[in-house]
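Tertiary structure, described
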Amino acid sequence: MIQTVDSERLARRLDQTGKPMEVMIEVKLSEEQPKAGAALESLDALIAAIRDCAHLDLTGLMTMPPWSDDPEQTRPYFRRLAELARKHAMPKLSMGMSHDLEAAIEEGATHIRIGTALFGPRPKGS
């Protein structure tokens, strides 16, 4: 599974491999500059393009909200992604990390990223 498809160009390149693969669209819901993902304005077109790819199976959405020590600050981003997934009939949601996984699960996450909980914090700058 690839959870970070954010453009039609990337989807076409993955499809050209000829290998069947499950993909998720990374959606940029935050205004933070370093955050990646498809813009909301382009989401409908990207969904259509991926669904037209013979070898890609679009099953969900992924997002990375702005960092906050308070999980309640990330909850609105998780809720928004869940709304988008329901609108587009996608069953999977990749959202939440070690520090906010409870809020993500409460908002419908099916996939979470828990590296810090498993391996400890990374040194700053890594």
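About the criteria used
- The written sequence of each chain sets the order in which its residues are numbered from 1.
- For this predicted model, a pLDDT threshold of at least 70 governs which residues receive local features, and a threshold of 80 or more governs which side-chain atom pairs are given and counted, while totals over whole chains, interfaces and linings are taken from all residues.
- For the side-chain quantities, the full set of heavy atoms in the structure was used; hydrogens and water were omitted.
- Secondary structure counts use DSSP, requiring at least four H or I residues in a row for a helix and at least two E residues in a row for a strand, with both numbered from the N terminus.
- Here the globule rule reads 2.2 Å times residues to the power 0.38, and the radius of gyration is calculated from C-alpha atoms.
- Three labels apply to residues, based on accessible area from a 1.4 Å probe with only protein chains included: buried if under 20% of the type maximum, exposed if over 50%, partly exposed otherwise in between.
- When checking whether two residues touch, look at their non-hydrogen atoms; a contact exists if any pair is within 4.5 Å.
- Residue-level accessible areas treat just the shown protein chains as cover; the underlying method is Shrake-Rupley with a 1.4 Å probe.
- The charged-residue count follows a simple rule in which Lys and Arg add positive charge and Asp and Glu add negative charge, with His and chain termini not counted at all.
- In plain terms, the charge of a residue is placed at NZ if it is Lys, CZ if Arg, CG if Asp and CD if Glu.
- N or O atoms within 3.5 Å of each other form a polar contact, as long as, within protein, one can give a hydrogen and the other can take it, and as long as residues adjacent in sequence are counted only when both atoms are side-chain atoms.
- When a carboxyl oxygen of Asp or Glu lies within 4 Å of a side-chain nitrogen of Lys or Arg, that pair is called a salt bridge.

It is worth spelling out the overall build of the chain at this point. Along its length, the chain carries five helices and five strands. The N-to-C order of helical and strand elements in the chain reads β-α-β-α-β-α-β-α-β-α. For 126 residues, the compact-globule estimate of 2.2 N^0.38 gives 14 Å, and the chain sits close to it at 15 Å. Projecting the C-alpha coordinates of the chain onto the three principal axes gives extents of approximately 40 × 30 × 25 Å. Within the chain, the proportion of its 126 residues that are buried is 38%. Restricting to contacts in the chain with at least 6 residues of sequence separation, those with at least 24 account for 57%. Summed over all atoms, the accessible surface of the chain reaches about 7400 Å², with 52% contributed by carbon and sulfur. Separation between the mean location of the 16 positive side-chain charges and that of the 19 negative ones in the chain comes to 4 Å.

Turning our attention to the environment of F119. Locating F119 in the fold gives a position in helix α5 (residues 115-119). Residue classification places F119 among the exposed residues on the basis of a relative accessible area of 71%. Distance from F119 to L29, taken between C-alpha atoms, is 27 Å for residues 90 residues apart in sequence.

This brings us to the side chain of R75. Tracing the sequence through the fold places R75 in helix α3 (residues 71-87). At a separation of 2.6 Å, a polar atom in the side chain of R75 contacts the side chain of E106. Residue contacts for R75: discarding those within four places in its chain leaves A103, E106 and E107.

The next point concerns the pattern of salt bridges. Counting across every chain of the model gives seven salt bridges. The salt bridge involving R12 is made with E8; its shortest N-O contact spans 3.8 Å. Here R12 pairs with E8, and both are found in helix α1 (residues 8-16), just four residues apart, close to one helical turn. Exposure remark for R12: the relative accessible area of 44% places this residue in the partly exposed category. The closest approach of N and O atoms between R75 and E72, which form a salt bridge, is 2.8 Å. Residue R75 and its partner E72 are located together in helix α3, separated by three residues, close to a single helical turn. Salt bridges linked by common partners bring E72, R75, R79, E106 and E107 together as one network.

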